[in-house]
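Working through the structure, step by step
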Amino acid sequence: MSYKIGEIAKLTNLTTRTIRYYEEIGLLGDRDNRAIGELRVFENDDIKRLKKIQLLKDIGLSLDDIGKVIDLYFTDGRLLEGKRQVIQILKTHIVRAEEKIDELDTFKMECEKNICRIEAIIKNNEDNFGK
């Protein structure tokens, strides 16, 4: 079955602008066969791709990451390979998140130390000069 962009937007809960963008960056596969100015026509496979893109975004993949694995989900026999690559991408995200958490913990401790120092200065001034 064929769908116009507004219809596919309703079916996938995406905006037409998002769908056009995904098409522009190649997430919807090869669209070179559409003539310039011709209406975009989408098929059931496009709905499946859009839903898979949303699922991959929901688990934390960037559009660049999705671009690396999306075709693997729609090539016979490669479903497991796509999942393996997604796992690797997510493991990389975890390592980066842990690094950021460490940096934020260090920053938090520095802020707490500075608060203590400033509070001590304030207390010292209040004690010496009255409130």
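1. Quick look at the overall build of the protein chain
When helices and strands are counted, the protein chain shows five helices and zero strands. In sequence order, the secondary structure elements of the protein chain are arranged as α-α-α-α-α. Within the protein chain, buried positions represent 23% of all 131 residues. When the accessible surface of the protein chain is summed, it comes to about 9,900 Å², and 54% of that surface belongs to carbon and sulfur atoms.

2. Observations concerning the pattern of salt bridges
Evaluated as defined, the whole model comprises five salt bridges. Notably, a salt bridge pairs D45 with K48, separated by 3.9 Å at the nearest N-O pair. Of this pair, D45 and K48 both sit in helix α3 (residues 44–58), three residues apart, which is roughly one turn of the helix. Across the salt bridge formed by R49 and D71, the nearest N and O atoms sit 2.8 Å from each other. Separated by 22 residues along the polypeptide, R49 in helix α3 and D71 in the loop between α4 (63–69) and α5 (79–129) bring together distant segments of the chain. Under the relative-accessibility criterion, D71 is labelled partly exposed at 42%.

3. What about helix α1 (residues 5–12)?
Within the sequence span of α1, burial applies to I5, I8, A9 and T12. Buried residues of α1, viewed axially, fall in a sector of 105 degrees; they line one side. Just past α1, the residue N13 takes up positive phi, approximately 60 degrees.

4. A short note on a negative patch on the surface
Taken together, the side chains of E98, E99, D102, E103 and D105 present a region of like negative charge at the surface. Secondary-structure assignment places D105 in helix α5. For D105, a relative accessible area of 41% translates into the label partly exposed.

5. Regarding the environment of R40
Structurally, R40 can be placed in the loop between α2 (16–24) and α3. A relative accessible area of 25% means that R40 is categorised as partly exposed. Sequence separation of R40 and G6 is 34 residues, and the distance between their C-alpha atoms is 9.9 Å.

6. Let's talk about the side chain of D65
Secondary-structure assignment places D65 in helix α4. The buried category is assigned to D65, whose relative accessible area is 11%. A polar contact is formed between the side chain of D65 and the side chain of H93, at a distance of 3.0 Å. Beyond its immediate sequence surroundings of up to four residues, D65 is in contact with I89 and H93.

7. Concerning unusual backbone geometry
Its identity is not glycine, yet N13 carries a phi of approximately 60 degrees, on the positive side. Looking at the secondary structure, you find N13 in the loop between α1 and α2.

8. Things to note about the nonpolar core
Membership of the largest hydrophobic core comes to 21 residues, with the highest contact counts inside it found for I8, I19, L50, I53 and L56. Counting residues per element, the ones that place at least two in this core are α1, α2, α3, α4 and α5. With four residues, the single largest contributor to this core is α3. Beyond its immediate chain neighbours, meaning those up to four positions away, I19 contacts I5, I8, A9, T12, L14, L28, F42 and L50.

About the thresholds
- Residues numbered from 1 in each chain as written.
- Predicted model: local features only at pLDDT ≥ 70, side-chain atom pairs only at ≥ 80, totals over all residues.
- Heavy atoms only, no water.
- Helix = DSSP H or I, 4+ residues; strand = E, 2+ residues; numbered from the N terminus.
- Buried < 20%, exposed > 50% of the residue type's maximum accessible area, 1.4 Å probe, protein only.
- Areas by Shrake-Rupley, 256 points an atom, 1.4 Å probe, with all protein chains shown as cover.
- Salt bridge = Lys/Arg side-chain N within 4 Å of Asp/Glu carboxyl O.
- Arc of directions from axis to C-beta.
- Patch = residues over 30% accessible without salt bridge, like charges linked within 9 Å, V, L, I, M, F, W, Y side chains within 5 Å.
- Lys, Arg positive; Asp, Glu negative; His and termini not counted.
- Charge placed at Lys NZ, Arg CZ, Asp CG, Glu CD.
- Polar contact = N/O pair within 3.5 Å; in protein donor to acceptor, adjacent residues only side chain to side chain.
- Contact = heavy atoms within 4.5 Å.
- Core = buried A, V, L, I, M, F, W, Y, C linked by side-chain atoms within 4.5 Å.

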